[in-house]
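Survey of secondary and tertiary structure
Now for the letters of each chain:
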2 protein chains.
Amino acid sequence: MDPEGSAGPGTVRPGGRTARVRAAVLRAAEDALAEQGFASLDLADIARRADVGRTTVYRRWGTLHNLLSDLLRDMAEQSLPRTNTGSLVGDLTANAKLVRRTLTDPRQGALFKALIAAATCDTRTAEALQRFYDARIKEWAPCVQRAIDRGEVPEGTDTHEVIRAVSAPLYYRLLISGDPLDRTTAERAAEAAAAAASAGAFVRANRRREQRDDRG
Amino acid sequence: MDPEGSAGPGTVRPGGRTARVRAAVLRAAEDALAEQGFASLDLADIARRADVGRTTVYRRWGTLHNLLSDLLRDMAEQSLPRTNTGSLVGDLTANAKLVRRTLTDPRQGALFKALIAAATCDTRTAEALQRFYDARIKEWAPCVQRAIDRGEVPEGTDTHEVIRAVSAPLYYRLLISGDPLDRTTAERAAEAAAAAASAGAFVRANRRREQRDDRG
DNA sequence: GAGTTAACGAAACTGGAGGACCGTTATGGA
DNA sequence: TCCATAACGGTCCTCCAGTTTCGTTAACTC
């Protein structure tokens, strides 16, 4: 009756078949999203791909958005390698290259596009997407913290914001401009973020700015 | 039989009723997109809002994507005010504030979200979206050119890329992170883009980089 | 290893989105 | 002013996504 979250830890019998079905459906959903995007997508097709009964998918997830939220929760749990090159630009460049590799991969790029599109239509999916990116960004934030410790970047810098600044231009290309995501773009994004961070552009609790914001 | 683009200049009787219907439907589509997003949207609802027969909408546009492409074409024709403050940071800040105002407006923000989501699902809509942003960016590129002429920014700088760099972090917040689009964010985006431009980050035909790209 | 029941799946049902048909309106041309 | 017809709109029809029903399978318990 209340399918939301029922696919998660709330299930009474999470082992064996249930877990297999969940995994198969989530993989099928990824495939379907990557291949045909978000709009022309129905649960029946996903069920067919997963070799699972239509009814099961409708009952356990109910709506497409519940399924995608669950998929994002699942994706957030898989972690990716970080790096430690010794310099902020080095680490940010590694991050930019990783993001670029992901987004230029036909399957993954299409998948992320579709998930972001889905998030624009549904609040719960949007929250799941935010949690996913928060998890990813948390993994990379330490490289900015190390830069602070080394004195490369001013104290009080918003570490998460620096990581986000690397991704922003790459996602802009993916979603809006459609320009190719080449190496140059990735390196430029990393260098620009590093430069801005060093210049103190991401220091939070910036008095002057906050006062201006309060007045406006 | 071939509805694609038939709502545009291809119509045989573009005056009077036809034009009225087109305008009403496009406005209704905007409303519907802004209010309920892209996913839960059907042409029947749009027809009702426009006070127009369902059949008309299906015949003239056929699919939702044709309608949205047409809407984007229409939006691209409406131009917005530019500025000339005398400095690159000033102009870019004005641009950032304009973009921020647009995206924080509940109606417009939702509309752009929905259009971007639609573009991820359909190539033709994606092209229309790119044309729309190209038009907008072309209007602002001259302020970067003036900065080049003043010697504020190196020769050979990709003017369009600088303008895009201002928007990227704002759209990242709108679509992905969900963080509030406050004044600070807009100013920071403008300052970061200006700083990166001055440092020569957007100079195209950068030999060293291109060679590296060729090798990779 | 036997019983209980959560979870799955096949088949039949239903509502509404999208399309076909055809009469009506009003535009552009003479 | 009148005609030809492009374009609109009401009605009916079709098809399929999403739901309900009920029998089957296989986790968990003791």
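This structure is a prediction, so every number in the text was calculated from the model and none was measured.

Side note on the overall build of chain A
Counting its secondary structure elements, chain A contains 10 helices and 0 strands. Reading the secondary structure of chain A in the N-to-C direction produces α-α-α-α-α-α-α-α-α-α. Taking as baseline every contact in chain A between residues at least 6 positions apart, the subset at least 24 positions apart corresponds to 68%. For chain A, the computed accessible surface area is about 10,300 Å², with 49% contributed by carbon and sulfur atoms.

Quick notes on the interface of chain A and chain B
Each partner contributes residues to the interface: chain A has 39 residues there, and chain B has 39 residues. Interface area for chain A against chain B, summed over the two sides, is near 3,600 Å², with a carbon-plus-sulfur share of 57%. Counting the contacts that link chain A with chain B gives 4 salt bridges. The partner of Glu161(A) in a salt bridge is Arg173(B), with the nearest N and O atoms 3.2 Å apart.

Examining the relation of the copies chain A and chain B
By a simple turn and slide, chain A fits onto chain B: the slide is 0.0 Å along the axis, the RMSD is 0.0 Å, and the turn is 180 degrees. Such a combination of rotation and displacement between the chain copies is what one expects of a two-fold axis. Of the C-alpha atoms belonging to chain A, the one lying closest to the rotation axis is found on Ala117(A), 2.2 Å away. The overlap is high: 100% of the interface residues of chain A also sit at the interface in chain B, so the same surface is used on both sides.

Re the nonpolar core
Among the nonpolar cores identified, the biggest contains 138 residues, and Ile46(A), Leu92(A), Tyr171(A), Ile46(B), Leu92(B) and Tyr171(B) are the most heavily contacted of them. Residues contacting Leu92(B), with those up to four places away along its chain left out, are Cys143(B), Val162(B), Ile163(B), Val166(B), Ala190(B), Ala193(B) and Ala194(B).

Quick notes on helix 9 (residues 183–198) of chain B
Residues and elements named next belong to chain B. With 16 residues, helix 9 should cover 22 Å at 1.5 Å per step; its first-to-last C-alpha distance of 23 Å lies within 8% of that length. When we look at burial in helix 9, the residues that qualify are Thr 184, Thr 185, Ala 186, Glu 187, Arg 188, Ala 189, Ala 190, Ala 193, Ala 194, Ala 196 and Ala 197. One or two residues past the end of helix 9 sits Gly 200, with phi positive at roughly 85 degrees.

Looking at the domain arrangement of chain A
All names here are of chain A. Looking at chain A, the domain boundaries give domain 1 (17–75) and domain 2 (81–215). Taken over C-alpha atoms, the centre of domain 1 sits 29 Å from the centre of domain 2. Summing both sides of the interface, domain 1 and domain 2 together bury roughly 1,300 Å²; the carbon and sulfur share of this comes to 70%. Of all residues in domain 1, His 65, Leu 72 and Met 75 give up the largest surface area on contact with domain 2, accounting jointly for 42% of the area buried on that side. Between domain 1 and domain 2 we count 2 salt bridges in total. For Glu 30, the salt bridge is made with Arg 107, and the minimal N-O distance between the two is 2.5 Å. At the boundary of domain 1 with domain 2, the tally comes to 3 residue pairs in polar contact (both at pLDDT 80 or more). Where the side of domain 1 that touches domain 2 is concerned, the elements lending two or more residues are helix 1 (17–36) and helix 4 (64–77).

Some words on the pattern of salt bridges
Overall, the coordinates contain 32 salt bridges over all chains when judged by the stated rule. A salt bridge links Arg73(B) to Asp70(B); its shortest N-O distance comes to 3.6 Å. Linking Arg73(B) with Asp70(B), this pair stays in helix 4 (residues 64–77), spanning 3 residues, or about one helical turn. In this structure, a network of salt bridges that share partners links the residues Arg22(A), Arg27(A), Glu30(A), Asp31(A), Asp70(A), Arg73(A), Asp74(A) and Arg107(A).

Description of the environment of Ala126(A)
You can see Ala126(A) is positioned in helix 7 (residues 123–150). Placed 61 residues apart in sequence, Ala126(A) and His65(A) show a C-alpha to C-alpha distance of 9.6 Å.

Describing the packing of aromatic side chains
All names here are of chain B. For the coordinates displayed, the defined rule picks out 10 aromatic pairs over all chains. On the basis of an interplanar angle of 45 degrees and a centroid distance of 5.9 Å, the ring pair of Phe 112 and Phe 132 is categorised as tilted. On the criterion of sequence distance, the pair formed by Phe 112 in helix 6 (residues 106–121) and Phe 132 in helix 7 (residues 123–150) is long-range, its members being 20 residues apart. We note that Phe 112, like Phe 132, is buried. Measuring from centroid to centroid gives 6.5 Å for Phe 112 and Tyr 133, while their planes differ by 55 degrees, and the two rings are tilted. On the criterion of sequence distance, the pair formed by Phe 112 in helix 6 and Tyr 133 in helix 7 is long-range, its members being 21 residues apart. The exposure classification of Phe 112 matches that of Tyr 133, with both residues buried.

Quick look at unusual backbone geometry
All names here are of chain A. Even without being glycine, Asp 51 reaches a positive phi, approximately 60 degrees. Note on placement: Asp 51 falls in the loop between helix 2 (43–50) and helix 3 (54–61). Relative accessible area serves as the criterion here: at 72%, Asp 51 is assigned to the exposed category.

Reading the values: rules and limits
- Counting from 1, residues in each chain are numbered in the order their sequence is written.
- Labels are handed out in written order, letters beginning with A for the chains and numbers beginning with 1 for the ligands.
- Only residues with pLDDT of at least 70 get local features here, since the model is predicted, and only at 80 or more are side-chain atom pairs given and counted; chain-wide, interface and lining totals rely on the full set of residues.
- Side-chain metrics rest on all non-hydrogen atoms present in the structure, leaving aside hydrogens and water.
- Labels follow the DSSP assignment, with helices taken as runs of H or I lasting at least four residues and strands as runs of E lasting at least two, numbered in each case from the N terminus.
- It only takes one pair of heavy atoms within 4.5 Å for two residues to be counted as in contact.
- Only the protein chains shown count as cover for residues, and the accessible areas themselves come from Shrake-Rupley with a 1.4 Å probe.
- Summed over both partners, the accessible area lost on bringing two parts together, with a 1.4 Å probe, is the buried area.
- A pairing counts as a salt bridge when a side-chain nitrogen of Lys or Arg comes within 4 Å of a carboxyl oxygen of Asp or Glu.
- Alignment of the copies relies on least squares applied to C-alpha atoms, considering only residues that score at least 70 for pLDDT in both.
- Working definition of a nonpolar core: buried Ala, Val, Leu, Ile, Met, Phe, Trp, Tyr and Cys residues. They are joined through side-chain atoms within 4.5 Å.
- Per-residue accessibility, obtained with a 1.4 Å probe over protein chains only, is compared with the maximum for each type, and a residue is labelled buried under 20%, exposed over 50%, and partly exposed between these values.
- Residue count minus one, scaled by 1.5 Å, sets the expected span of a helix.
- Where each domain starts and ends comes from a domain assignment, either automatic or drawn from a database.
- Within 3.5 Å is the distance limit for a polar contact, defined as a pair of N or O atoms, with the added protein rule that one can donate a hydrogen and the other accept it, and that residues adjacent in sequence qualify only through two side-chain atoms.
- What counts as a ring pair is set by centres within 6.5 Å for rings of Phe, Tyr and Trp (its six-membered ring), and what kind of pair is set by the plane angle: stacked under 30 degrees, edge-to-face over 60, tilted for all other angles.

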